[in-house]
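Reading the structure
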Amino acid sequence: MKKLLLFTAVILLFSSCSKAPQQKAEELIKEVMLKNLYHPDTYAPSSTQLDSAYTPYDDPTFYQKTLKLAKLAIALEKYNNEMSSEKRSMALWSGPYQSAYERANYQEAKKKYDIAQEKFEKVKGEGRTLGQELAVLRNKKKAFIGFKAVHGYRANNNAGQTMGGNMLFIFDKDLTKVIAAYDMDKEDYQAVEYLYKEMRGETSMSDDVTLDGLE
């Protein structure tokens, strides 16, 4: 009987020493937040929702490739607009009876058009290659890679104003370190989430995302 009680006590002792996953996540999050906030002393967590993380959408590599694809899409639109603008200029300065001034302006517009077109084709090629890489990753069997947590908090910004924020954290399988952290209120994260919805067929006409602020 004494041996049984001793064994039970040892089990309880070791159980009490091991931290629960939620507690591990919250401690790791706090460590990261305090290092990155303007006024860490004002940090006040409001919620932490812990869940399992799986490939492909929780994989930091997949996230970075998707973000790059979003930036390439912005670049494509930019170069396409430049091509359209220079094409209009070329039409304006063209004609069977060009003056030297008109010919010079036409040639300048044509030069800019060719440069924009070259950049457009280069970016389109990069986007096609990246799209193929993402397709390969998406088609792989879903795999457990660790844990993730959506974390809400409040803290003072650099102007001293108390603001609310939301972060997404990705942890390793043992919940010993943060392997990725994203500000869910930033446009780059929202752009990636929009593309994720497209990949999953979840987008609708009401979805709206602005990509102009991507860095």
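The structure under discussion appears in the preceding block.
Residues numbered from 1 in each chain as written. Predicted model: local features only at pLDDT ≥ 70, side-chain atom pairs only at ≥ 80, totals over all residues. Heavy atoms only, no water.

**Structural notes on the environment of glycine 131**
Tracing the chain through its elements places glycine 131 in helix H4 (residues 100-139). On a C-alpha basis, the gap between glycine 131 and threonine 66 in space is 8.5 Å, while along the polypeptide they are 65 residues apart. (Helix = DSSP H or I, 4+ residues; strand = E, 2+ residues; numbered from the N terminus.)

**Some points on the pattern of salt bridges**
Going through the model one piece at a time under the given rule, you end up with eight salt bridges. The shortest N-O distance in the salt bridge between lysine 19 and glutamate 27 comes to 2.9 Å. Looking at lysine 19, the relative accessible area reads 41%, which means it is partly exposed. A relative accessible area of 36% means that glutamate 27 is categorised as partly exposed. In this structure, aspartate 58 engages lysine 148 in a salt bridge whose closest nitrogen and oxygen atoms are separated by 3.3 Å. Residue aspartate 58 is found in the loop between strand E1 (44-54) and helix H3 (60-93), and its partner lysine 148 is found in strand E2 (residues 144-156); the two are separated by 90 residues along the sequence. (Salt bridge = Lys/Arg side-chain N within 4 Å of Asp/Glu carboxyl O. Buried < 20%, exposed > 50% of the residue type's maximum accessible area, 1.4 Å probe, protein only.)

**Things to note about the packing of aromatic side chains**
Evaluated as defined, the whole model comprises 11 aromatic pairs. Through a chain of ring-to-ring contacts, the aromatic side chains of Tyr54, Phe144 and Phe147 assemble into a single cluster. Directly above the ring of tyrosine 54 sits lysine 142, whose terminal nitrogen or CZ lies 4.6 Å from the centroid. Here arginine 200 stacks its cationic end above the ring of tyrosine 57, 4.6 Å away from the centre of that ring. (Phe/Tyr/Trp six-rings, centres within 6.5 Å; stacked < 30°, edge-to-face > 60°. Lys NZ or Arg CZ within 6 Å of the ring centre and 35° of its normal.)

**Looking at the side chain of aspartate 58**
Accessibility expressed as a relative area gives 12% for aspartate 58, which makes it buried. Reaching out from aspartate 58, the side chain makes a polar contact with the side chain of lysine 148 at a distance of 3.3 Å. Filtering out sequence-adjacent residues up to four positions away, aspartate 58 remains in contact with Ser52, Ala53, Ile145, Lys148 and Ile170. (Polar contact = N/O pair within 3.5 Å; in protein donor to acceptor, adjacent residues only side chain to side chain. Contact = heavy atoms within 4.5 Å.)

**Topic: the pairing of E2**
Here 10 bridges tie E1 to E2, and the two strands are oriented antiparallel to one another. Bridge pairing links serine 47 to glycine 152 in E2. Alignment of E2 against strand E3 (residues 162-171), held across 10 bridges, turns out to be antiparallel. Residue pairing for E3: asparagine 156 is matched across the bridge by threonine 162. Linking E2 to E3, which pair antiparallel, is a turn of five residues; within it glycine 160 sits at a positive phi near 85°. (Pairing = 2+ DSSP bridges.)

**A word on the side chain of asparagine 157**
Along the chain, the position of asparagine 157 falls in the loop between E2 and E3. Polar contacts involving the side chain of asparagine 157 include one to the main-chain amide nitrogen of alanine 159, which spans 2.9 Å. In contact with asparagine 157, other than residues within four places in its own chain, are Tyr38, His39 and Met163.

**So, the environment of arginine 103**
Of note, arginine 103 is situated in helix H4. In this structure arginine 103 comes out as partly exposed when scored by relative accessible area, which is 39%. When the C-alpha atoms of arginine 103 and tryptophan 93 are compared, they prove to be 6.9 Å apart, with 10 residues separating the residues in sequence. Here the side chain of arginine 103 touches glutamine 98 through a polar contact of 3.3 Å, landing on its backbone oxygen.

**Re the nonpolar core**
When a protein is soluble and globular, its nonpolar side chains tend to lie buried together. Core analysis: the biggest nonpolar cluster contains 14 residues, and Ile29, Met33, Leu37, Tyr43, Tyr153, Phe169 and Phe171 have the highest contact counts within it. Among the elements of the structure, helix H2 (21-36), E2 and E3 are those that each provide at least two residues to this core. Leave out the neighbours within four places in its chain, and phenylalanine 169 touches Ile29, Val32, Met33, Phe147, Lys148, Ala149, His151, Val178, Ala180 and Ala181. By size, the runner-up hydrophobic cluster in this structure holds 12 residues, among which are Tyr63, Leu168, Ala180 and Tyr196. (Core = buried A, V, L, I, M, F, W, Y, C linked by side-chain atoms within 4.5 Å.)

**With respect to the sheet that holds E1**
Strand pairing in a sheet takes place through backbone hydrogen bonds and is either antiparallel or parallel in direction. Reading across from one edge, E1-E2-E3-E4 is the order of the four strands in this open sheet, with antiparallel pairing throughout. Of all the strands in the sheet, the pair left with one neighbour each is E1 and strand E4 (178-183). For this sheet, the mean inter-axis angle between neighbouring strands, taken without regard to orientation, is 20°. Its contacts with the sheet place H2 against E1, E2, E3 and E4, and it is angled at close to 120° to E3. (Axes fitted to C-alpha atoms, helices over the stretch in contact; angles between N-to-C directions.)

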